[in-house]
Amino acid sequence: MVDQVTAETGLDASKQQVRQRRRAIGLALPLIAFVLASFVAPLGTLLVRSAYDPLVADALPETLVLLRTWDGTSALEEPVYATAARELLQAREERTLGQIATRVNRITSGLRSVVTRSVRKLRNASGDSWRETMIGIDDAWGEPEVWLAIRSAGERFTLRHYINALDFMRQPDGSIARQPEERRIYLPLLWRTLAISLGIAALCLAIGYPIAHLIAHAPPRRANLLLLLVLVPFWTSLLVRTTAWIVLLQTQGVINSLLVAVGLVADDGRIAMIYNMTGTFVAMTHVLLPFMVLPLYSVMRSIPRSHIRAAASLGATPFQAFWRVYWPQTLPGVGAGSLMVFILAIGYYITPALVGGSKGQLISNMIAYHMQTSLNWGLAAALAAILLVGIIALYVLYDRVVGIDRMRLG
Amino acid sequence: MVSTDDNCTSTPHVEFSGVSKSYDGRNWVVRDLDLVVHKGEFLTMLGPSGSGKTTCLMMLAGFETPAAGTIHINGVPVGDLPPHKRDIGVVFQNYALFPHMTVGGNLAFPLEVRGMDPSEQRERVARTLRLVRLEGLEDRRPGQLSGGQQQRVAIARALVFDPELVLMDEPLGALDRRLREEMQYEIRRIQRTLGITVVYVTHDQQEAMVMSDRVAVFRGGAIEQVASPEVLYEEPERAFVAHFIGENNRLNGVVRTVGDGVCEVEVGDALIKAVSLGQCPPGAAATVVVRPERVNISLGEGRHSYANELDAEIEDIAFLGDHIRLRLKLCEHSGFIVKIPNIVGHGGVLEGDRIRVGWTVLDCRALQPDAADDEEDPSASG
């Protein structure tokens with residue numbers, strides 16, 4: 001009897017546990033769904049786009065089958081022309097011709113008009129030989145380039161976005177070579193982004209460390225006030241802050257006018273402090289500073305004041321006490337803050353877009369350009385993926401060197 | 001225990017003269033303090049929290065600057081000397097071991113900053129670890145050690161660079177009682193072995209008694225009395241000290257006559273004869289202090305002949321193993337404590353019994369009443 005009772009209550013307890021767990025999962029479900037729908041799924045599809053592009057392959061399936069057996073140099077036969085003409089006209093009906101032309105044009109520039117113009121004329125053409133008609137419309141159809149371009153645009157799975165994103169190119173014989181120096185865009189931009197981000201992280205550390213130290217060791221009331229001063233800019237709109245920098249830094253702005261008024265700078269020699277690298281540096285350092293100060297503050301607050309005193313009593317000069325005792329204990333905060341600022345800076349878009357001019361643009365601005373203006377989503381996705389891999393690599397490196405579990409984020 | 005002046009060279013090592021300190025400019029944490037610590041002496045600053053003892057230690061270490069007065073170390077004023085040039089070992093309340101260094105690293109730190117060569121560093125670290133009985137723990141991190149071991153490391157670190165003066169700020173506060181007692185003897189042993197001067201801060205009077213050559217009793221930023229534990233216990237000069245060191249009965253009354261080192265104090269309807277320190281003239285209020293173990297009791301007829309004999313009523317009896325503790329009502333004072341050694345049990349006394357208590361003149365002292373006595377209970381913080 002007694003056993004039965006305990007068994008039953010045990011059963012009840014486990015049932016209750018299951019119910020509780022279900023309820024917990026139920027509560028987390030909206031969030032999981034939201035993250036999946038708004039973050040994982042779009043990010044995933046975008047990244048897939050960097051290597052998977054079925055548009056041309058779906059539109060010109062038979063042409064591509066015929067082209068696949070072609071050696072790439074010899075003259076093509078009539079069936080290829082006939083199939084291509086049919087499928088291109090079909091694509092025109094389905095309004096995908098423009099997109100096909102764009103993709104072909106990305107392989108070999110100048111082919112967009114060849115494709116669109118030819119197909120427009122093909123509509124009214126009639127004849128026995130599609131080959132002669134097409135070559136008649138445009139000589140280019142007699143050359144292998146356009147067909148090679150179509151063939152490579154027709155690859156469903158392709159690395160060409162990555163090849164482009166890394167400033168390589170595929171040569172006519174299919175081998176991969178670096179772009180000529182003057183045509184390399186993305187790698188230099190990537191290096192520049194990394195260098196600027198590193199510089200911003202360093203600048204944030206240099207500015208943030210003393211501030212964090214001041215706040216961490218001030219009496220509570222003053223510490224709160226100082227912390228507020230760090231956080232208030234954090235709470236104001238990014239646009240407002242960036243615009244404030246424009247007001248301050250532009251050639252007719254506050255600082256330049258002040259310098260001119262004081263006589264340090266001639267009126268015609270106003271310093272360009274914005275719409276260039278300097279602008280990006282200044283504004284982004286300001287925007288990202290709290291991300292450095294907060295983890296540093298949190299770590300510094302946990303270091304007892306007696307450590308510095310102990311170091312001094314043991315004969316360490318103030319510098320030795322700082323360097324041997326204080327600084328090593330703040331490293332988790334330094335690591336967390338630097339990594340955070342660095343990663344945020346690498347992907348930063350709005351501030352460089354507003355104050356960076358042409359010299360202060362970062363890789364994210366290029367990604368935005370390809371997303372919004374050139375509509376080369378594949379390339380944008382490839383660039384984003386490279387950036388993501390880079391950041392993950394840095395994160396792993398940090399984990400190996402410092403240990404993520406030692407990171408303190410405030 | 002012997003007074004230090006007899007067995008130590010009485011060369012002053014540390015000298016506070018007229019030292020005052022205030023943090024906010026209004027309240028004095030330390031007021032016009034004079035104190036001499038002799039070479040090789042173990043001096044304890046004892047007092048309730050907020051009595052200024054730690055502040056004195058911090059001023060001596062150089063972490064705080066006196067608002068007035070000077071501190072001399074070896075006869076040299078140290079007003080402008082920064083802490084790292086003072087060569088004073090300091091053991092902090094929470095040890096302040098550097099968590100990112102090993103035990104060996106912690107100990108080697110003061111040697112490194114002095115530019116000692118590595119082989120001598122290793123030798124010294126090993127020797128000092130032997131001294132505190134922690135051989136072979138060089139490679140551990142402080143976080144991997146027990147509280148007692150951390151305490152030993154902290155002491156070793158304060159000793160490894162051979163300072164002549166070591167300051168300790170309630171170093172045993174975080175340890176449990178047994179470990180604390182063990183460490184008290186340990187610290188005393190090390191101090192004697194090395195012959196160093198130790199200035200020790202604590203609020204635990206028993207700790208002060210066990211370890212010290214002399215104890216300076218602090219109160220409200222000033223020193224009430226400096227003396228060996230024995231003298232503090234037997235010959236307190238202030239009512240506060242009498243009550244703070246050990247247990248004492250206090251009877252408040254009015255001085256009637258003052259004679260050759262002895263005075264008579266009227267407490268309730270009784271006249272008590274007590275040792276007079278000349279603090280209280282006839283007609284002044286006085287506190288008579290009597291140690292509970294110096295009071296003898298007698299039941300009924302068997303009369304003793306004590307200078308002071310009074311009737312009392314037993315309020316409470318507590319059996320404490322080694323002694324029996326009676327709470328008496330005497331001269332309208334409630335809570336008068338008497339300790340009877342447990343030799344024959346409690347001799348058949350019962351609560352509510354009327355008994356007679358007696359003590360000699362030398363066992364009680366008439367002191368100036370302590371203004372704050374009734375408000376604070378110093379034993380509560382001790």
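Calculation rules
Residues numbered from 1 in each chain as written. Chains lettered and ligands numbered in written order. Predicted model: local features only at pLDDT ≥ 70, side-chain atom pairs only at ≥ 80, totals over all residues. Helix = DSSP H or I, 4+ residues; strand = E, 2+ residues; numbered from the N terminus. Buried ≥ 20, exposed ≤ 12 C-beta atoms within 10 Å, placed from the backbone. Contact = placed C-beta atoms within 7 Å. Core = buried A, V, L, I, M, F, W, Y, C linked by C-beta atoms within 7 Å. pLDDT = per-residue confidence, 0-100. Axes fitted to C-alpha atoms, helices over the stretch in contact; angles between N-to-C directions. Parallel < 35°, antiparallel > 145°, perpendicular 65-115°, else oblique. Nonpolar A, V, L, I, M, F, W, Y, C, P; charged D, E, K, R; others polar. Pairing = 2+ DSSP bridges.

Before going further, it helps to examine the overall build of chain B. Tallying secondary structure elements over chain B gives nine helices and 20 strands in all. Relative to its 382 residues, chain B shows a buried fraction of 42%. In chain B, of all internal contacts separated by at least 6 residues, the share reaching a separation of at least 24 is 66%.

In this section: the nonpolar core. Ranked by internal contacts, the top residues of the largest apolar core, which has 107 residues, are V199 and V288 of chain B. Here V288 of chain B is in contact with L251, G253, V265, V267, I272, A274, C364 and A366 of chain B, once residues within four sequence places are set aside. Grouped together as the second largest cluster of nonpolar side chains are 52 residues, L249, V282, L296 and V341 of chain A included.

Attention now moves to helix α5 (residues 97–107) of chain A. Within α5 of chain A, burial applies to I100, A101, R103, V104 and R106 of chain A. On its buried face, α5 of chain A is in contact with α2 (55–59), α4 (78–93), α6 (111–122) and α8 (144–153) of chain A.

Where the model shows low pLDDT, its predicted coordinates should not be examined in detail. Residues and elements named next belong to chain B. In the predicted model, chain B carries a mean pLDDT of 87, and 92% of its residues have values of at least 70. Across chain B, strand β3 (residues 42–46) holds the top mean pLDDT of 96, while helix α1 (residues 4–7) sits lowest at 44. Throughout residues 1–8 the model reports pLDDT below 50, and contacts reaching past four residues in sequence, or to other chains, amount to 16 contacts. Taken together, the stretch residues 373–382 has pLDDT below 50 and engages in 13 contacts with residues farther than four places along the chain or on a different chain. ipTM for the predicted complex: 0.82, alongside a pTM of 0.78.

Before going further, it helps to examine the packing of helix α10 (residues 186–216) of chain A against helix α11 (residues 220–235) of chain A. Residue and element names in this part refer to chain A. Packing of α10 against α11 leaves a shortest axis separation of 8 Å and a crossing angle of 150°. One way to sum up the angle between α10 and α11 is to call them roughly antiparallel. Packed against α10, whose contacting residues are I211, L214 and I215, the element α11 presents A223, L226, L227 and V230 at the interface. The residue makeup of the contact of α10 with α11, split by class, is seven nonpolar, no polar and no charged.

The next point concerns unusual backbone geometry. If a residue is not glycine, its phi is most likely negative; likewise, a peptide bond is most likely trans. Residue and element names in this part refer to chain B. Backbone geometry places D32, a non-glycine residue, at a positive phi of 40°. Relative to the assigned elements, D32 resides in strand β2 (residues 28–38). What makes D32 partly exposed here is the crowd of 14 C-beta atoms within 10 Å. Positive phi, close to 50°, is recorded for A96, a residue that is not glycine.

A word on the pairing of strand β16 (residues 308–319) of chain B. Looking down a regular strand, the side chains alternate between one sheet face and the other. Residues and elements named next belong to chain B. Sheet topology places β16 next to strand β19 (residues 354–359); six bridges connect them, and they run antiparallel. Within β19, the position partnered with D311 by the bridge is R356. When β16 meets strand β17 (residues 323–330), the two strands line up antiparallel, connected through seven bridges. Paired with I314 across the bridge in β17 is L328.

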